[in-house]
Amino acid sequence: MSKLDVLAERVERLLLRHEELKRTNTLLEQQVAALQTERDNLRSRLSAARARIDVLLERLPANSSASGAAE
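We now turn to the structure provided with this report. Nothing here was measured: the structure is a model prediction, and the numbers come from that model.

1. Quick word on the overall build of the protein chain
Part 1: Helix and strand content of the protein chain: two helices and zero strands.
Part 2: Across the 71 residues that make up the protein chain, the buried fraction comes to 0%.
Part 3: Approximately 6,800 Å² of the protein chain is accessible, and the part contributed by carbon and sulfur atoms is 59%.

Next up, the structure:
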């Protein structure tokens with residue numbers, strides 16, 4: 001096998017590897033986007049839950065924590 005044949009074979013393998021890495025990268029980018037969307041959704045739900053808890057805490061009588069500690 002000549003040096004040119006060896007070089008051509010290596011170039012072909014390199015091109016195949018490049019395509020494989022591009023596909024992998026695309027899949028990883030899709031996963032990152034999905035995870036970012038999920039993260040943003042969870043943050044939004046957490047914020048809403050905190051707001052609901054704050055409303056409930058405001059509705060508690062002011063002295064309920066003091067009477068609970070005295071018992």
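On we go.
2. Quick notes on a nonpolar patch on the surface
Part 1: Side chains of L4, L7, V11 and L15 sit close together on the surface and give an oily, nonpolar patch of about 380 Å² of accessible area.
Part 2: A relative accessible area of 39% places V11 in the partly exposed class.

3. Observations regarding the pattern of salt bridges
Part 1: Per the stated rule, a full pass over the model turns up four salt bridges.
Part 2: Between E19 and K22 there is a salt bridge; the shortest N-O distance is 3.7 Å. Of the two residues, E19 and K22 both sit in helix α1 (residues 3-59), three residues apart, roughly one turn of that helix.
Part 3: Look at E19 and you get partly exposed, because its relative accessible area is 37%.

About the cut-offs
Numbering of residues begins from 1 in every chain and follows the order in which that chain's sequence is written. Reporting of local features is limited, given that this is a predicted model, to residues whose pLDDT is at least 70; pairs of side-chain atoms are given and counted only at 80 or more, and all residues count toward the totals for whole chains, interfaces and linings. Only hydrogens and water are removed before side-chain values are computed, so all heavy atoms of the structure are retained for them. Put simply, DSSP H or I for four residues or longer makes a helix, DSSP E for two residues or longer makes a strand, and each gets a number counted from the N terminus. Residue burial is assigned from relative accessible area. The probe radius is 1.4 Å, only protein chains are included, and a residue is buried under 20% of its type maximum, exposed over 50%, and partly exposed in between. For the accessible areas, the method is Shrake-Rupley and the probe is 1.4 Å, while residue cover comes only from the protein chains on display. Patch building starts from residues that exceed 30% relative accessible area and form no salt bridge, then joins like charges within 9 Å and nonpolar side chains (Val, Leu, Ile, Met, Phe, Trp, Tyr) within 5 Å. One speaks of a salt bridge when a side-chain nitrogen belonging to Lys or Arg is within 4 Å of a carboxyl oxygen belonging to Asp or Glu.

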